[in-house]
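Results of the structural survey
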Amino acid sequence: MADLPDAWRVAFERDRQNPLRGNDPLPERRAARFLSAFILTGLFFAAFPGTLLGVWNLLTIAGEHGSAGVSRAWIQAHGQAQLLGWVGTFILGISLYVLPKFLNRMIRSFGLVWVVWALWTAGAAWRWLVGVGAAHWRIGLVGSVVLELAAFLLAQYLLWFDRPKRSSAGPGAASKKSFPGDLASWLGIAGFSSFGIALLLSLFISVDVALRSDQPVFPAAADRVFLIIALWGFAIPVAWAYSARFVTIFVGLRAPVQSAARWLAAGVAAIVVFALLRRFLLADGMAAIVAVGGVSALQVFRPSTREPKRIGVYRHYPAFIRLAFAWVVVGSLLGIWADIDPRLTGLGGASRHALTVGFLAMLIFCVAPLILPSFLAGRELRSAGLMGISLWLLAVGCFLRVSSEAVAYSASGGLSWRLLPVSALFELTAVCVFVLNLGWTIAQPVPAWFGTSGVAPEMTVYFCTASFPKTKQILIGAGLETLARVKEIPHSLTLSEAAAADGADLEKILVALRAFFARRQPRRRAAS
């Protein structure tokens, strides 16, 4: 610091005496960066290993009027890519971003978050490659689950144990928080506990298959146990937990019924136990009870008490959210029907599709455009129209798929077999539009949610460079020479102080910054 201008040294001392708390933009930008990586990875799995492979499988099945000609390894690879590669990646990334905020803290170890992303992505990708014919599949089948399990455990460490140390004495000591009793917390705890159980089960099955089988295929019963736990134990309860946090607010619903929290979590636990015991009818029956109870507790079908958020998104999305929750009930009932009458072989697949596409995908298509742009450094959804197109295509495709699959596999009706490829193309197009819209949103520059009049001498150099890294070169080019040779910038150093320290023209700096932020104005503000 000896060779720094006096204004910089004074600012550093000012920071030491009055450290910045709570409004540092740099951690938020780092969090948005890792969330972008998780979302883009999930979008990749949704479009290519997930939906595209699923469409290919379905076209083959429809052409042969049966699934005998399709590799079971391919079918399971498609399911793993959809459930863990897409949905699981979204949930992990969003959880690492928002759950610390719910606990009034930020992730401290961003490097470990990137390790979570790398482990999970490698594991999910390796598992898919094993299913479609990668060499050394025994190593890949077990190794992929080990990577996924390591990512899950590291994520739990970051969420619950990587906390700043606090003094245990003194007036500033934090009081011990009681166990949360709200619906979202109970569902989240039940969901992530089931997630760990599902991954451990997948590891045990994978080891057994690697030792005993000649192909990378889970046995039918074991695969069904895994799917029930992954769906009803993990994905659906966690989706409900985030719905209690976000859907309630955005759709203007009544507050969730908090008294249902414990028995819904107990119901999820019962589903997991019944699945592990291979009591599938009991598991599906409990799933139906939990489905009706969860929908009732979230009060999704009761009229909104406030006007839903519609700015910047497809205005009719609340109807599709309610449609998604209708599908979760339909899927649970189809599962019971499939258990009662096993001759109707198409009902099991129709049930799973109602849950994975009708509920999970539909809910993601609705909620992701609502929350992710703002999480990703305050971006705007690129197109409300594309959001609407993806929702309508997915709704039509899912209806055709569930209705035709329930009949085609169970009877010999020709029309149902002809509708299956049509449903697949509808859903593939819907996913492509959704991926395009979110990918385009992430690719947009971060907007400046303040007018150019907000660029004033009192604005800090740190805010500019931490929130908008490209302003660093603009400031250096406008005369802030010290900025070019330092690694750390004092948080409280203002533009006027920095300009005076380097003998730069303050007005030139302000004009250059105003021109930059004029180009970064949000589209809605520019249009108004």
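Structure first, text after, so check above.
Residues numbered from 1 in each chain as written. Predicted model: local features only at pLDDT ≥ 70, side-chain atom pairs only at ≥ 80, totals over all residues. Heavy atoms only, no water.

Some words on helix α7 (residues 220–251)
For α7, which comprises 32 residues, the first-to-last C-alpha distance of 40 Å sits more than 12% below the rise-based estimate of 46 Å (1.5 Å per residue). At Ser-243, α7 shows its largest bend, some 45 degrees. Immediately downstream of α7, the backbone of Gly-252 shows phi near 75 degrees, a positive value. (Helix = DSSP H or I, 4+ residues; strand = E, 2+ residues; numbered from the N terminus. Expected span 1.5 Å × (residues − 1). Bend = angle between axes of the 7 residues up to and from the residue.)

What about the packing of aromatic side chains?
Under the criterion given, the structure shown has 27 aromatic pairs. When the centroid spacing of 6.3 Å and the interplanar angle of 40 degrees are considered together, the rings of Phe-102 and Phe-246 count as tilted. On the criterion of sequence distance, the pair formed by Phe-102 in helix α3 (residues 72–102) and Phe-246 in helix α7 is long-range, its members being 144 residues apart. We note Arg-245 situated over the ring of Phe-102; from NZ or CZ to the ring centre the distance is 4.6 Å. In this structure, Arg-382 is placed above the aromatic ring of Trp-440, and the distance from its NZ or CZ to the ring centre is 4.3 Å. (Phe/Tyr/Trp six-rings, centres within 6.5 Å; stacked < 30°, edge-to-face > 60°. Lys NZ or Arg CZ within 6 Å of the ring centre and 35° of its normal.)

Let's talk about the side chain of Ser-332
With respect to the helices and strands, Ser-332 occurs in helix α10 (residues 317–340). Assessed through its relative accessible area of 3%, Ser-332 is described here as buried. Reaching out from Ser-332, the side chain makes a polar contact with the backbone oxygen of Val-329 at a distance of 2.6 Å. For Ser-332, the contacting residues outside a window of four places in its chain are Trp-232, Asp-284, Ala-287, Ala-288, Ala-291 and Leu-355. (Buried < 20%, exposed > 50% of the residue type's maximum accessible area, 1.4 Å probe, protein only. Polar contact = N/O pair within 3.5 Å; in protein donor to acceptor, adjacent residues only side chain to side chain. Contact = heavy atoms within 4.5 Å.)

Some details on helix α9 (residues 280–298)
Between its first and last C-alpha, α9 extends 26 Å over 19 residues, near the 27 Å set by a 1.5 Å rise per residue. In the stretch just after α9, Gln-299 is the one whose phi turns positive, near 55 degrees.

Details of the nonpolar core
Here is a general trend for soluble globular proteins: nonpolar side chains tend to be buried in one another's company. Formed by 139 residues in total, the largest nonpolar core has its most connected members in Trp-86, Trp-232, Trp-240, Phe-359, Leu-372 and Phe-434. Of all the elements, α7 adds the most residues to this core, at 21 residues. If near-sequence neighbours (up to four positions away) are discounted, Phe-434 is found in contact with Leu-43, Trp-86, Phe-90, Ile-364, Phe-365, Ala-368, Pro-369 and Ser-390. Residues Tyr-462, Cys-464, Val-486 and Leu-513 belong to the second largest nonpolar core, which totals 31 residues. (Core = buried A, V, L, I, M, F, W, Y, C linked by side-chain atoms within 4.5 Å.)

Remarks on unusual backbone geometry
One non-glycine residue, Asn-104, adopts positive backbone phi at about 60 degrees. Within the secondary structure, Asn-104 is located in the loop between α3 and α4 (110–131). For Asn-104, a relative accessible area of 63% translates into the label exposed. Phi at Ala-377 takes a positive value of approximately 65 degrees, unusual for a residue other than glycine.

Let's talk about the environment of Ile-249
As for its position among the elements, Ile-249 is in helix α7. Separated by 57 residues in the primary sequence, Ile-249 and Arg-306 place their C-alpha atoms 8.8 Å from one another.

Looking at the packing of α3 against α7
In contact at an axis separation of 11 Å, α3 and α7 are set at 30 degrees when each is read in the N-to-C sense. Classified by the angle between their axes, α3 and α7 sit roughly parallel to one another. In the packing of α3 onto α7, the handedness of the crossing is left-handed. Partitioned by chemical class, the residues of the contact of α3 with α7 number 18 nonpolar, four polar and three charged. (Axes fitted to C-alpha atoms, helices over the stretch in contact; angles between N-to-C directions. Parallel < 35°, antiparallel > 145°, perpendicular 65-115°, else oblique. Left-handed = near helix turned anticlockwise from the far one by under 90°. Nonpolar A, V, L, I, M, F, W, Y, C, P; charged D, E, K, R; others polar.)

Thoughts on empty space enclosed by the protein
One simple way to see leftover space: roll a probe sized like a water molecule over the atoms. Per the stated rule, a full pass over the model turns up three cavities of 30 Å³ or more. Its volume calculated, the largest cavity comes out at about 260 Å³. When residues of the lining of the largest cavity are traced back to their parent elements, those giving at least two are α3, α7 and α11 (346–375). Residue classes in the lining of the largest cavity are distributed as 17 nonpolar, one polar and no charged. Counted as a void, the second largest cavity has a volume near 40 Å³. (1 Å grid on protein atoms, 1.4 Å probe; cavity = no way out; pocket = protein on both sides within 12 Å on 5 of 7 lines; lining within 4 Å. Points joined across faces, edges and corners; volume = space filled by probe spheres on them.)

Some points on the pattern of salt bridges
Evaluation of the coordinates by the stated rule reveals 13 salt bridges. Put simply, Asp-6 and Arg-9 hold a salt bridge, and the shortest N to O gap is 2.1 Å. Highlighted residues: Asp-6 and Arg-9, both in helix α1 (residues 6–17), separated by three residues, approximately one helical turn. Put simply, Arg-212 and Asp-208 hold a salt bridge, and the shortest N to O gap is 2.5 Å. Taken as a pair, Arg-212 and Asp-208 lie in helix α6 (residues 183–212) at a separation of four residues, close to a single helical turn. Arg-212 gets classed as exposed once you look at its relative accessible area, which sits at 70%. (Salt bridge = Lys/Arg side-chain N within 4 Å of Asp/Glu carboxyl O.)

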